[in-house]
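# An overview of the molecular structure
Listed below, chain by chain, are the residues.
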Amino acid sequence: MILIMDIGNTNIKTAVFEGRELVKSWRISTNPSYTSDEYGILMTNMFRQAGLMMGAISGIMISSVVPSINFTIEHMCHDYFSLVPYFVGPGLKTGINILYENPKELGSDRICNAVAAYSLYGSPCIFIDFGTATSFGAISGNGNFLGGCILTGVRLAREAVVTGTSKLPHFELNLPDKVIGRSTITNLQSGLLYGYVGQVNYLVSRMKQEMGESRVAVVATGGFAGQIAGQSEAIEHVDALLTLKGIRMIYEKNYQ
């Protein structure tokens, strides 16, 4: 079995795979103040509750967009799994050609999403990751990662509108039935969430035009993927584990 970790700005998504089969997945908060032992205790408890043995893990692969925490996680892997983890980064085989002007600038999570989207949903394709930031990526029919765009994530947008104004209240990110709200809360909810639906529809349409493709598979992942996909005609597939699957695939291409 292998342990896969996707370290994001808000959460660390973790999964155990037996071959290509998902055994168990978890989500914990990204906390730069945690020590390696604190993360190790969390992992120990999660494995115990799932009835899994930490000693059964034969390899660890990590994608991280939070470099400040990598040293801590690496020590946790050494101390609690007796393994040195591999990190997704430049020089690894991915099966796709990255056409970024400077490939080293491309976040490892986007590389993993591209690998999984291309492998699982075919090409050409577009992936959308609704994380702390919402990122889009385009893959051509012959497997080239063309680039994409990044915008503020849903939660960050909510915090910006609330903290940047003196009278607007905090609100839950629930989608109201109508765009035309009759209270301040529903006005904020509909403006933010339906606004995101509109952004997604427009950006996907524009990306298809620039790709020169009319038939493009579109897959979404991340915390708000299901909610936005339920309203957007642009999104065809929702895959909550897309990034983790991509990390596993990169591990297989390089270390098995």
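Everything discussed here concerns the structure shown above.
Quick summary incoming for the structure in this document. Just so it is clear, the model here is predicted, and its values are computed rather than measured. (Residues numbered from 1 in each chain as written. Predicted model: local features only at pLDDT ≥ 70, side-chain atom pairs only at ≥ 80, totals over all residues. Heavy atoms only, no water.)

### Remarks on the environment of isoleucine 7
- As for its position among the elements, isoleucine 7 is in strand S1 (residues 2-7).
- Here isoleucine 7 is in contact with Ile12, Ile62, Ser63, Ser64, Val65, Val66, Ile69, Asn70 and Ile73, once residues within four sequence places are set aside. (Helix = DSSP H or I, 4+ residues; strand = E, 2+ residues; numbered from the N terminus. Contact = heavy atoms within 4.5 Å.)

### What to know about the packing of helix H4 (residues 154-163) against helix H5 (residues 184-211)
- Running from N to C, H4 and H5 point in directions that differ by 145°, and their axes come no closer than 11 Å. The way H4 lies across H5 gives a crossing that is right-handed. The segment H4 lies against H5, with Val154, Ala157, Arg158 and Val161 engaging Leu188, Leu192, Leu193 and Tyr196.
- Among the residues making up the contact of H4 with H5, the classes are represented as seven nonpolar, no polar and one charged. (Axes fitted to C-alpha atoms, helices over the stretch in contact; angles between N-to-C directions. Left-handed = near helix turned anticlockwise from the far one by under 90°. Nonpolar A, V, L, I, M, F, W, Y, C, P; charged D, E, K, R; others polar.)

### Describing helix H1 (residues 36-50)
- The terminal C-alpha atoms of H1, which comprises 15 residues, lie 21 Å apart, in line with the 21 Å expected from a rise of 1.5 Å per residue.
- Taken together, the buried positions of H1 are occupied by Ser36, Tyr39, Gly40, Met43, Thr44, Met46 and Phe47. Burial along H1 is one-sided: seen end-on, the buried residues are contained in an arc of 165°. Away from its buried face, by an angle of more than 90 degrees, H1 presents the exposed residues Arg48 and Gln49.
- Looking at the buried positions of H1, the neighbouring elements they touch are S1, strand S2 (11-18), strand S3 (21-29) and helix H2 (67-81). (Expected span 1.5 Å × (residues − 1). Buried < 20%, exposed > 50% of the residue type's maximum accessible area, 1.4 Å probe, protein only. Arc of directions from axis to C-beta.)

### With respect to the packing of aromatic side chains
- Tallied over the full model, the rule gives eight aromatic pairs.
- The interplanar angle of 55° and the centroid separation of 6.3 Å between the aromatic rings of tyrosine 86 and tyrosine 251 together place this pair among those described as tilted. Placement of the pair is tyrosine 86 in strand S5 (residues 86-87) and tyrosine 251 in helix H7 (residues 242-255), with a sequence separation of 165 residues.
- With a relative accessible area of 6%, tyrosine 251 lands in the buried category.
- For the ring pair tyrosine 86 and tyrosine 255, a centre distance of 3.6 Å and an interplane angle of 10° mean the geometry is stacked. Note that tyrosine 86 is positioned in strand S5 and tyrosine 255 in helix H7, a separation of 169 residues in sequence.
- Every member of this aromatic cluster is reached through a ring pair, and the members are Trp26, Phe47 and Phe81.
- Residue placement shows arginine 248 over the ring face of phenylalanine 17; its charged tip is 5.4 Å from the ring centre. (Phe/Tyr/Trp six-rings, centres within 6.5 Å; stacked < 30°, edge-to-face > 60°. Lys NZ or Arg CZ within 6 Å of the ring centre and 35° of its normal.)

### Let's talk about the pairing of strand S8 (residues 133-139)
- Among the seven residues of S8, six are classified as buried, and the element is accordingly described as predominantly covered.
- Examined bridge by bridge, strand S7 (residues 125-130) and S8 share six bridges and lie antiparallel to one another. Each residue of the ladder has a partner; that of aspartate 129, found in S8, is serine 135.
- Hairpin connection, S7 to S8: the antiparallel pair is bridged by two residues.
- The pairing of S8 with strand S9 (residues 144-152) spans seven bridges and is antiparallel. By the bridge assignment, glycine 137 is partnered in S9 with glycine 148.
- Counted between consecutive antiparallel strands, the loop separating S8 from S9 contains four residues, among which glycine 143 sits at a positive phi close to 85°. (Pairing = 2+ DSSP bridges.)

### A closer look at H2
- With 15 residues, H2 should cover 21 Å at 1.5 Å per step; its first-to-last C-alpha distance of 21 Å lies within 8% of that length.
- Looking only at H2, the buried set comprises Ile69, Asn70, Thr72, Ile73, Met76, Cys77 and Phe81.
- Contacts from the buried residues of H2 go to S1, S2, H1, strand S4 (59-64) and S5.
- Serine 82 occupies a position one or two residues after H2 and carries a positive phi of about 55°.

### Quick notes on the side chain of asparagine 144
- Along the polypeptide, asparagine 144 turns up in strand S9.
- Given a relative accessible area of 15%, asparagine 144 falls into the buried group.

### A closer look at the sheet that holds S1
- Reading across the sheet, the five strands line up as S3-S2-S1-S4-S5 and stay open at both edges, with mixed pairing between neighbours. Since the sheet does not close on itself, it has two edges, and those belong to S3 and S5, each with one partner.
- Inspection of the sheet shows S1 paired to S4 by six bridges, in the parallel sense. Following the sheet pairing, leucine 3 is matched in S4 by isoleucine 60.
- Seen against the sheet, H2 touches S1, S2, S4 and S5 and runs at an angle of roughly 170° to S4.
- Here H7 sits on the sheet in contact with S1, S2, S4 and S5, set at roughly 125° to S1.

Interpretation note: all reported values are geometric properties and have no functional meaning in isolation.
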